[in-house]
Amino acid sequence: MLGPGLLLSLAAAPLPTVTLDSLLDAVSRTRGGTASACALRVRDGEVVWEKDSWRRMIPASTQKVLSAAALRSLLGKDAAFPTRLLRSGNLTNSVLSGNLVLEGGGDPAFGRGTDSGALDTLAKSLAARGIRHVKGSLVLRDPFLKSADQPWPGSWDFDNSLTDCDGAPSTGLSVDGNCPHDSSQTFPHRRTALAFRAALGRAGITASGPVRYELGTTSGSADTLLAAHASPHLDSLLRWALWKSSNHDMETFALIAGKDDPLSSRQNGLRMVRQKLVLMGLDTLRTDLADLSGLSRKNAMSTGAMARLLAAISRNAELDIFPLLPGPGEGTLKVRFKRTLPDGTHLRAKTGSLDGVSALVGRLAPPQGDTLVFALFFQGHAGAAAPIRFAQDQIVGVLAGGPVIAPLPTDTAAPAPRPAKPPRPRPAFLNP
């Protein structure tokens, strides 16, 4: 925590950069970590402040901003991803003699939140057609998960990512984000099959055949469409993913973007996003991107590289996803920037958090002066991240032309610990 004497000296500092440097150093060095920062003027890319902006650090979930911009260009802001019900075989009276197929379209929001009744809606549409019994198999078809794909990016760490919804698996067919009751599913397709059969039962439809899984295949000419469930448009999906910082959603978009590769949708999607970012000015020599969500600790980027890409995104209407980011008091910024921003400041920002990592990037329009983009990375700090997050809020406030705000005890207090979850077995694919 910054002492009163230091706060007074910072407030009286003749140059804002001195104040900004001191705020950055005071919180990072006292907690044993490193920090880096860069702020650019959007209109001409001029650096207005930087501190060690060359350092390669972990961007964490701030990387989602870059991924979202690239995906918006690759897929189109109005793209939609329907989930479909199909049949093979004959339908005689109320009996389907062939298979009933639930085919995913990559909708990461299917069966989640206000859409939680999606499976029941599809099942009721079958009952409305008079279907009461399915003799063939119940087929779960995921066209996006190819032979070389796992439900998780290979660079994710099981202990840190797969034990809760932060590491929910991404698949082309998912229900409730593959994380019902805040519990990530080790075998998500199996759970979806159980949920599908239960929904059919509630609609009065029995199914005597076994469950079959088809991964990496698409519907054939013999399949007949029975019903479809529309997804929200991409911009709406991206807004939710950015506000909630959903790793599951971002990695699902990777599968969609890379679906044309016959071996790996995930790797092809990552490759296509990288290529789009290169066209935007990505520093390939000093940047590593191992996933789209930022959950991998193999990601590395400098704040200088991040800020330059943010400026490029801000200047291009097709790429500009800043309106989709949360503002103060919204999404992952729900408890942020309560006192540090001058009145009239417009801010859209994205947080990034891992153990020992705290990052913040965004676009800032002060009451007076030029619009800025900024990147603040902290890494290796000990203890709770609350003091670092408040320092980030202070820095953004100073960039907006405001004074240094003294922290209250509530600003830097560690949050109450979450109840411990029981240990979970490792997924079978991780066993030797």
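As shown above, the structure is provided for reference.
To start, this report covers the structure provided alongside it. Computed from a predicted structure; not experimentally measured. (Residues numbered from 1 in each chain as written. Predicted model: local features only at pLDDT ≥ 70, side-chain atom pairs only at ≥ 80, totals over all residues. Heavy atoms only, no water.)

The next thing to look at is the overall build of the protein. Along the backbone of the protein there are 12 helices and 14 strands. In terms of C-alpha radius of gyration, the protein reaches 24 Å, essentially the compact-globule figure of 22 Å for 432 residues. Each principal axis of the C-alpha distribution contributes one length, and for the protein these read about 85 × 45 × 45 Å. Counting across all 432 residues of the protein, residues that qualify as buried make up 56%. For the protein, contacts bridging at least 24 residues in sequence account for 69% of all contacts bridging at least 6. (Helix = DSSP H or I, 4+ residues; strand = E, 2+ residues; numbered from the N terminus. Rg over C-alpha atoms; globule rule 2.2 N^0.38 Å. Buried < 20%, exposed > 50% of the residue type's maximum accessible area, 1.4 Å probe, protein only. Contact = heavy atoms within 4.5 Å.)

A word on the state of the cysteines. Applying the stated criterion across every chain yields a total of one disulfide. There is a disulfide in this structure between Cys165 and Cys179, and the S-S distance comes to 2.0 Å. Taking the sign of the torsion about the S-S bond as the criterion, the disulfide between Cys165 and Cys179, at about -100°, is left-handed. One end of the pair, Cys165, is in the loop between helix H5 (158–161) and helix H6 (188–202); the other, Cys179, is in the loop between H5 and H6, with 14 residues separating them in the sequence. (Disulfide = S-S within 2.5 Å.)

One way to put it is that helix H7 (residues 234–244) packs onto helix H8 (residues 247–257) with a least axis distance of 8 Å and a crossing angle of 145°. Crossing of H7 over H8 shows left-handed handedness. Between H7 and H8, the residues in contact are Leu234, Leu237, Leu238, Trp240 and Ala241 and Asp249, Met250 and Phe253, respectively. (Axes fitted to C-alpha atoms, helices over the stretch in contact; angles between N-to-C directions. Left-handed = near helix turned anticlockwise from the far one by under 90°.)

Below, the discussion takes up the pairing of strand E2 (residues 47–51). Pairing between strand E1 (residues 34–41) and E2: four bridges, direction antiparallel. Bridge pairing in E2 places Ala37 opposite Lys51. Linkage of E1 to E2, two consecutive antiparallel strands, is achieved through a turn of five residues, within which Gly45 is found at a positive phi near 70°. (Pairing = 2+ DSSP bridges.)

A few words on the packing of aromatic side chains. Counted according to the given criterion, the structure contains zero aromatic pairs. Positioned over the ring face of Phe187 is Arg190, at 4.6 Å from the centre of the ring. (Phe/Tyr/Trp six-rings, centres within 6.5 Å; stacked < 30°, edge-to-face > 60°. Lys NZ or Arg CZ within 6 Å of the ring centre and 35° of its normal.)

Take the side chain of Ser61 next. Looking at where Ser61 falls in the secondary structure, it is placed in the loop between E2 and helix H3 (63–75). Taking the relative accessible area as the measure of exposure, Ser61 reaches 9% and is therefore buried. Engagement of the side chain of Ser61 in a polar contact is seen with the side chain of Lys64, the distance being 2.7 Å. If sequence neighbours within four positions are ignored, Ser61 has contacts with Ser245, Asn247, Ser293, Gly294, Lys350, Thr351, Gly352 and Ser353. (Polar contact = N/O pair within 3.5 Å; in protein donor to acceptor, adjacent residues only side chain to side chain.)

Okay, the packing of H8 against helix H9 (residues 265–280) next. Interhelical geometry of H8 versus H9 gives an angle of 95° and a closest axis separation of 7 Å. On the basis of the axis angle, H8 is roughly perpendicular to H9. Mapping the contact onto sequence places Glu251, Ala254, Leu255 and Ala257 in H8 and Ser265, Arg266, Gly269 and Met272 in H9. Taken together, the residues of the contact of H8 with H9 sort by class into four nonpolar, two polar and two charged. (Parallel < 35°, antiparallel > 145°, perpendicular 65-115°, else oblique. Nonpolar A, V, L, I, M, F, W, Y, C, P; charged D, E, K, R; others polar.)

Turning next to the sheet that holds strand E9 (residues 206–207). Adjacent strands of a sheet pair through backbone hydrogen bonds, lying either parallel or antiparallel. Here we have four strands laid out as an open sheet, ordered E4-E5-E7-E9, and mixed in their pairing. At either margin of the open sheet sits one strand with a lone partner, and together these are strand E4 (91–92) and E9. Pairing geometry for E4 and strand E5 (residues 95–96), over two bridges, is antiparallel. Looking across to E5, one finds that Thr92 is bridged to Val95.

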